[in-house]
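# Descriptive analysis of the structure
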Amino acid sequence: MNEDINHFNILSIFHYVVAAIAGLFACFPIIHLAIGISMLTGSFFPRAGDTGEAFPLTLFGLFFTIIPAAVILFGWAFAICLAVAGYFLSKKQRYMFCLVMAGVSCIFMPFGTVLGVFTILVLMRPSVKAMFSREPAAQP
């Protein structure tokens with residue numbers, strides 16, 4: 001039982017660390033987002049006149065804006081969910097959420113894969129399942 005509690009504490013800390021790394025990696029497309037916004041506003045290429053090339057530049061600007069924005073939002077959402085899973089692990093709550101996030105984190109190689117596999121191994125133990133199924137004591 002003591003070993004399970006130590007594993008929970010270690011996994012919780014590593015969830016926070018991997019969430020911070022994932023949030024940092026999700027910020028990399030900000031460069032593409034800035035380029036896309038500058039293409040849309042017309043400050044990326046100086047326009048000498050009306051040459052009829054506004055549509056391709058606008059189309060590329062939309063691609064360079066929408067795709068990086070989606071990648072950034074999904075990356076930050078993943079990082080937040082990973083941090084929340086670390087919090088739930090420390091409180092021994094929301095077993096299914098922690099298990100699903102352990103599986104999803106396996107996609108984030110190599111850190112998330114290692115974290116996800118170890119989290120799944122710990123969460124599959126019968127003693128750990130029993131710890132999650134306990135109801136918290138009512139506080140006066």
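These numbers were taken from a predicted model, which means no experiment stands behind them. (Residues numbered from 1 in each chain as written. Predicted model: local features only at pLDDT ≥ 70, side-chain atom pairs only at ≥ 80, totals over all residues. Heavy atoms only, no water.)

## Things to note about unusual backbone geometry
What counts, and what does not: Only runs of H or I of at least four residues qualify as helices and only runs of E of at least two qualify as strands under DSSP, and these elements are numbered from the N terminus. Here the term buried applies to any residue with accessible area under 20% of the maximum for its type, exposed to any over 50%, and partly exposed to those in between, with areas from a 1.4 Å probe on protein chains only.
Put simply, Met109 and Pro110 share a cis peptide bond, and its omega is -10°. Tracing the sequence through the fold places Pro110 in the loop between helix H4 (95–105) and helix H5 (111–123). Residue Lys92 is not a glycine yet carries a positive backbone phi of 55°. By the element assignment, Lys92 lies in the loop between helix H3 (54–91) and H4. Overall, the relative accessible area of 21% leaves Lys92 in the partly exposed class.

## Some words on the pattern of salt bridges
Oppositely charged side chains may form a pair once their charged atoms are brought near each other. Put simply, the test is: Take a side-chain nitrogen of Lys or Arg and a carboxyl oxygen of Asp or Glu: if they are within 4 Å of each other, that pair is a salt bridge.
Taken as a whole and judged by the stated rule, the model has one salt bridge. The salt bridge involving Arg125 is made with Asp4; its shortest N-O contact spans 2.6 Å. Of this pair, Arg125 sits in the loop between H5 and helix H6 (126–133) while Asp4 sits in helix H1 (residues 2–25), placing them 121 residues apart in sequence.

## Re a nonpolar patch on the surface
For clarity, the cut-off: Here a patch means residues that are over 30% exposed by relative accessible area and free of salt bridges, tied together within 9 Å if like-charged and within 5 Å if nonpolar (Val, Leu, Ile, Met, Phe, Trp, Tyr). Reported accessibility uses the Shrake-Rupley method at a 1.4 Å probe radius. Residues are deemed covered only where the shown protein chains occlude them.
Nonpolar side chains collect at one region of the surface, where Leu40, Leu59, Phe60, Leu62, Phe63, Ile66, Ile67 and Val71 lie side by side and expose about 720 Å² of accessible area between them. It is H3 that provides the largest number of residues to the nonpolar patch, a total of seven residues. With respect to the helices and strands, Phe60 occurs in helix H3. Here Phe60 falls in the partly exposed class, since its relative accessible area comes to 47%.

## Points about the packing of aromatic side chains
Two measures describe an aromatic ring pair: the distance that separates the ring centres and the angle between the ring planes. Let me state the cut-off plainly: The aromatic pairing rule takes the rings of Phe, Tyr and Trp, using the six-membered ring of Trp, and pairs them if the centres are within 6.5 Å, calling planes under 30 degrees apart stacked, those over 60 edge-to-face and the rest tilted.
Per the counting criterion, the structure on display carries seven aromatic pairs. Ring centres of Phe8 and Phe132 lie 5.5 Å apart, and the angle between their planes is 65°; on these two criteria the pair is classed as edge-to-face. You can see Phe8 sitting in helix H1 and its partner Phe132 sitting in helix H6, a full 124 residues away along the chain. Overall, the relative accessible area of 11% leaves Phe132 in the buried class. Each ring, one from Tyr95 and one from Phe132, has its centre 5.2 Å from the other, and the planes form 70°; the classification is edge-to-face. Highlighted residues: Tyr95 in helix H4 and Phe132 in helix H6, separated in sequence by 37 residues. Three or more aromatic residues link up through ring pairs in this structure, and these residues are Phe25, Phe28, Phe78 and Phe108.

## Quick notes on the packing of H1 against H6
As a reminder, the rule being used: To obtain an axis, a line is fitted to C-alpha atoms, over the contacting stretch when the element is a helix, and the angle between two such axes runs from 0 to 180 degrees between their N-to-C directions. Angle categories: roughly parallel below 35 degrees, roughly antiparallel above 145, roughly perpendicular from 65 to 115, and oblique for all the rest. Any pair of residues with heavy atoms lying within 4.5 Å of one another is described as a contacting pair. Gly falls in the polar group here, along with every residue not listed as nonpolar (Ala, Val, Leu, Ile, Met, Phe, Trp, Tyr, Cys, Pro) or charged (Asp, Glu, Lys, Arg).
Relative orientation of the contacting elements H1 and H6 amounts to 75°, with a least axis distance of 10 Å. Here H6 runs roughly perpendicular to H1, going by the angle between their axes. Contacts from Asp4, Ile5 and Phe8 of H1 reach H6 at Ser127, Val128, Met131 and Phe132. Here the residues of the contact of H1 with H6 are counted per class, giving five nonpolar, one polar and one charged.

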